[in-house]
Amino acid sequence: MTGGLKDGRPEEEFIRSPFIRKQGNIYKPNNKSMDNDSMNEKTLQDVHTKEIDLVDRDPKRVNEDVVKVDFEDVIAEPAGTHSFDGVWKASFTTFTVTKYWCYRLLTAIVGIPLALVWGIFFAILSFVHIWAVVPCVKSYLIEIQCISRVYSICVHTFLDPLYEAVGKCFSNIRISTTKEI
């Protein structure tokens, strides 16, 4: 590493820049030209090693309306029927803390095994969809296209003349209605 120049650029730039084929990046073969400026860190990161947000744990709002249960949603005292203020505050604190710690305890015990189960389930689901469902649907569409052409030829060959003849027979029938008073 002498820091010399190659084609007017420092030698270190060749070491750190990703390999780019003449017809495009090997990871994005449809891109015909890519500059080093357009390659940023996010395009080089692997999808499985992305950082997760520990503050906003539902960025796609999957459970927005599903499990939002607060003390006021479960326990409410109507006007005119109130318990002691201390009891109400203690009930609120007990409910909130119990719900919080019970959820944390359950996720600590069951969360990782369930994540494993759901990971396996969605891997199997993806595998079946990619390797079985889509090829079957494509095969069906190819086969049904052939059958539809044969069906169309049969209809045009046998039924079109029949319907044309029946149509000509009934085309000379005239119906007139008169109203008698």
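About the criteria used
Residues numbered from 1 in each chain as written. Predicted model: local features only at pLDDT ≥ 70, side-chain atom pairs only at ≥ 80, totals over all residues. Heavy atoms only, no water. UniProt positions renumbered as here; feature names shortened; annotations may be inferred. Helix = DSSP H or I, 4+ residues; strand = E, 2+ residues; numbered from the N terminus. Phe/Tyr/Trp six-rings, centres within 6.5 Å; stacked < 30°, edge-to-face > 60°. Buried < 20%, exposed > 50% of the residue type's maximum accessible area, 1.4 Å probe, protein only. Lys NZ or Arg CZ within 6 Å of the ring centre and 35° of its normal. 1 Å grid on protein atoms, 1.4 Å probe; cavity = no way out; pocket = protein on both sides within 12 Å on 5 of 7 lines; lining within 4 Å. Points joined across faces, edges and corners; volume = space filled by probe spheres on them. Nonpolar A, V, L, I, M, F, W, Y, C, P; charged D, E, K, R; others polar.

The name recorded for the protein chain in an unreviewed UniProt entry is Caveolin, from Denticeps clupeoides. The UniProt entry for the protein chain carries the following comment under Sequence similarities (unreviewed entry): "Belongs to the caveolin family." UniProt annotates the protein chain under Function (unreviewed entry) with the comment "May act as a scaffolding protein within caveolar membranes. Interacts directly with G-protein alpha subunits and can functionally regulate their activity."

Here the focus is the UniProt feature "transmembrane region" (unreviewed entry) in the protein chain. Look at the UniProt record and you will see "transmembrane region" (unreviewed entry) annotated at residues 105-132. The span residues 105-132 shows a helical share of 100% and a strand share of 0%, and its end C-alpha atoms are spaced 39 Å apart.

Below, the discussion takes up the packing of aromatic side chains. Inspection of the entire model under this criterion finds seven aromatic pairs. Centre to centre, the rings of Tyr100 and Trp101 are 5.3 Å apart; their planes meet at 85 degrees, and the pair counts as edge-to-face. For Tyr100, a relative accessible area of 42% corresponds to the partly exposed category. Of the aromatic side chains, those joined through ring pairs into one cluster are Phe71, Trp88, Phe92 and Phe95. Over the aromatic face of Trp101 sits the side chain of Arg104, whose NZ or CZ is 5.5 Å from the ring centroid.

Time to look at the layout of surface pockets. Estimated volume of the largest pocket: approximately 820 Å³. Lining the largest pocket are 19 residues, and of these Asn63, Val67, Lys68, Lys99 and Tyr103 sit closest to its centre. The element that contributes the greatest number of residues to the lining of the largest pocket is helix 4 (residues 85-171), accounting for seven residues. Split by residue class, the lining of the largest pocket holds nine nonpolar, two polar and eight charged. Lining of the second largest pocket is provided by Lys50, Glu51, Ile52, Asp53, Leu54, Asp56, Arg57, Pro59 and Lys60. Partitioning the lining of the second largest pocket into residue classes produces three nonpolar, no polar and six charged.

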